[in-house]
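What follows is the residue order along each chain.
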Amino acid sequence: MTERVRRYWRRRNRHWPGRGFRLQVARRTLQVGVLVLLVVIPTLSLYDNLRNQRDEVGIEARWDTSLVHQLVEDLDDPSRVTQSVRGSVWTLKVGELVISDPLAVIDFIGAARVIFDHFLITALIPVLASLLLGRVFCGWLCPADLLFELGTKIRGWTGIETDVGFARITKFAILALGLVAGVVLGTQIFAEIYPPRIIGGELYLWITFGVVSAGAWFFLALLAFEIFVSRRFWCRYICPGGALYSLLGRWRILRLTLVAQECTDCTRCNAVCEFGLDPMRGRFGQECNNCGLCVRACAPGALVYRVGLRPRDGRDVLPAAEAQVS
Ligand code: SF4
Ligand code: SF4
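The next point concerns the overall build of the protein. Scanning the protein for helices and strands turns up 18 helices and 6 strands. On the principal axes, the C-alpha backbone points of the protein span a range of 70 × 60 × 40 Å. When each of the 326 residues of the protein is scored for burial, the buried share is 37%. Expressed as a percentage of contacts within the protein between residues at least 6 apart in sequence, the contacts between residues at least 24 apart total 70%.

Structure follows, in structure tokens:
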């Protein structure tokens, strides 16, 4: 690394190429990977349909299906590859493994008013991950989070500072009300308003039929609202999935912790936190998604990951000697 590059990063008071940076590279790679997967799944499904109809012309007419054709045509059984991954972030099937968003499970079971054991089990991995790692789906996998974070960047680039706050409890109320309404009306409420599900559904429509539905406009309106009126409005105040993951992650054992002696009260960590938390005081609460943006922003390295129980007073603060730096 040249001295010039070093100086640039020092000016920006960032770690390069420290753990905070590496963490963000890993996070962005995963987020982009999920978005790519949401494009690949409908493309494979479309290719499969065209191949079953022996529609060679249809396959060659599109660059994406034609590319898939070139990749799988020499295989003995192309359908083993093209059918190996199905679904979306709502319910994903990879080979024989089925993983469902816990919100999808309670939404479906509530609407059907029947407990399907086999469906319940498909939420086990995300539930366990949230109990161990906190609200990580939001910060590391949700495709909506990536786009909403882009909205925050646009706010920064354009100098928009308007930020109307709402009560955080709203999202828990929406989770409870949506569940009750789903049971009473016998319909899946959350499926209609959940951004990751909307993104997956709209990509499917666009790739398969070349159209988008009202969901796309709903999402764009939401993004515009976040850019112009309220930073991270949906995830902070409204999202029922975020509410559920927050509840599950309340007693997470991978916890960010403030090493009090190292902190210089510069407030950078609080400024970058997308969820409006207070890492500078060790108040990560149940909503922290372990995204590590605050770790990256903290020049003296006062924020570290540790494995442990939730402190009684809810404040994750450690003296330096006890900190286990990740
Ligand atoms: S709160 Fe909802 S939309 Fe936001 S990141 Fe979490 S699951 Fe995605
Ligand atoms: S406190 Fe840090 S890790 Fe937690 S959500 Fe905020 S920026 Fe991300």
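So much for the structure itself; the text now carries on.
A word on the site of ligand 1. Neighbouring ligand 1 are the residues F137, C138, C142, A144, D145, P195, P196, W234, C235, C239, G241 and G242. Listing elements by their share of the shell around ligand 1, those giving two or more residues are α9 (136-141), α10 (143-158), α13 (195-209), α15 (233-238) and α16 (240-248).

A separate point is the site of ligand 2. In the vicinity of ligand 2, 14 residues are found, and the nearest of them are C273, C288, C291, L293 and C294. Within the shell around ligand 2, the residues separate by chemical class into 11 nonpolar, 3 polar and no charged.

Counting through the fold element by element, D145 comes out in helix α10. Here D145 falls in the buried class, since 26 other C-beta atoms lie within 10 Å of it. C-alpha separation for the pair D145 and T43, spaced 102 residues apart in sequence, amounts to 23 Å.

Our next topic: the environment of L258. Tracing the chain through its elements places L258 in strand β4 (residues 254-259). Sequence separation of L258 and R22 is 236 residues, and the distance between their C-alpha atoms is 20 Å. Leave out the neighbours within four places in its chain, and L258 touches C263, P279, G282, A302, L303, D316 and V317.

Let us now look at the sheet that holds strand β5 (residues 303-307). Two pairing modes exist for strands in a sheet, parallel and antiparallel, and in both the strands are linked by backbone hydrogen bonds. Here 3 strands make up an open sheet; going across it, the order is β5-β4-β6 and the pairing mixed. What marks the edges here is a single partner per strand, and that holds for β5 and β6 (317-318). Sheet analysis places β4 next to β5, joined by 5 bridges and oriented antiparallel. In the sheet register, L258 faces β5, and the bridge partner there is L303.

Turning to α10, a few remarks are in order. Taking 1.5 Å as the rise per residue, α10 with 16 residues should run 22 Å; its terminal C-alpha atoms sit 23 Å apart, in good agreement. Residues of α10 that are buried: P143, A144, D145, F148 and G151. In this structure, the buried side of α10 is in contact with α2 (19-52), α9, α13, α14 (214-228) and α15. Two residues or fewer past α10, G159 is found with a positive phi of approximately 75°.

Before going further, it helps to spend a moment on the nonpolar core. F137, W234, C269, C294, C298 and L303 are the most contacted members of the largest nonpolar core, which has 67 residues in total. Per-element tally for this core: the top contributor is α2, with 8 residues. Residues from two domains meet in this core; each of domain 1 (24-246) and domain 2 (253-326) gives at least three. Non-local contacts of L303, meaning those with residues more than four positions away in its chain, are made with L256, L258, C269, P279, C294, V295 and C298.

For the protein, the assigned domains are domain 1 (24-246) and domain 2 (253-326). The straight-line distance from the C-alpha centre of domain 1 to that of domain 2 is 29 Å. Domain 1 puts 15 residues into the contact, and the matching count from domain 2 is 13 residues. Among the secondary structure elements, those contributing two or more residues to the side of domain 1 that touches domain 2 are α2, α8 (124-133), α9, α10 and α15. Residue contributions to the side of domain 1 that touches domain 2 peak at 3 residues, all from α9. Among the residues making up the side of domain 1 that touches domain 2, the classes are represented as 5 nonpolar, 5 polar and 5 charged.

Backbone geometry at R232 places phi at a positive 50°, although glycine is not the residue there. On the basis of neighbour count, R232 is assigned to the buried category, with 21 C-beta atoms found within 10 Å.

Taken together, 3 strands build an open sheet; the order of strands is β1-β2-β3 and the sheet is antiparallel. Taken across any chain shown, the strands that pair with only one partner, and hence form the sheet edges, are β1 (85-87) and β3 (97-100). Averaged over all pairs of adjacent strands, the angle between strand axes in this sheet comes to 15°, irrespective of strand direction. In terms of strand pairing, strand β2 (residues 91-94) meets β3 through 4 bridges, oriented antiparallel. Of the residues in β3, the one forming a bridge with L92 is I99.

Attention shifts here to the pairing of β2. Examined bridge by bridge, β1 and β2 share 3 bridges and lie antiparallel to one another. Considered in β2, the bridge of V85 is made with V94. The loop that links β1 with its antiparallel partner β2 comprises 3 residues. What sits between β2 and β3 in their antiparallel hairpin is a turn of 2 residues, with G95 showing a positive phi close to 60°.

What counts, and where the lines are drawn
- Residues numbered from 1 in each chain as written.
- Chains lettered and ligands numbered in written order.
- Predicted model: local features only at pLDDT ≥ 70, side-chain atom pairs only at ≥ 80, totals over all residues.
- Helix = DSSP H or I, 4+ residues; strand = E, 2+ residues; numbered from the N terminus.
- Buried ≥ 20, exposed ≤ 12 C-beta atoms within 10 Å, placed from the backbone.
- Contact = placed C-beta atoms within 7 Å.
- Near = placed C-beta within 6 Å.
- Nonpolar A, V, L, I, M, F, W, Y, C, P; charged D, E, K, R; others polar.
- Pairing = 2+ DSSP bridges.
- Expected span 1.5 Å × (residues − 1).
- Core = buried A, V, L, I, M, F, W, Y, C linked by C-beta atoms within 7 Å.
- Domains from an automatic or database assignment.
- Axes fitted to C-alpha atoms, helices over the stretch in contact; angles between N-to-C directions.

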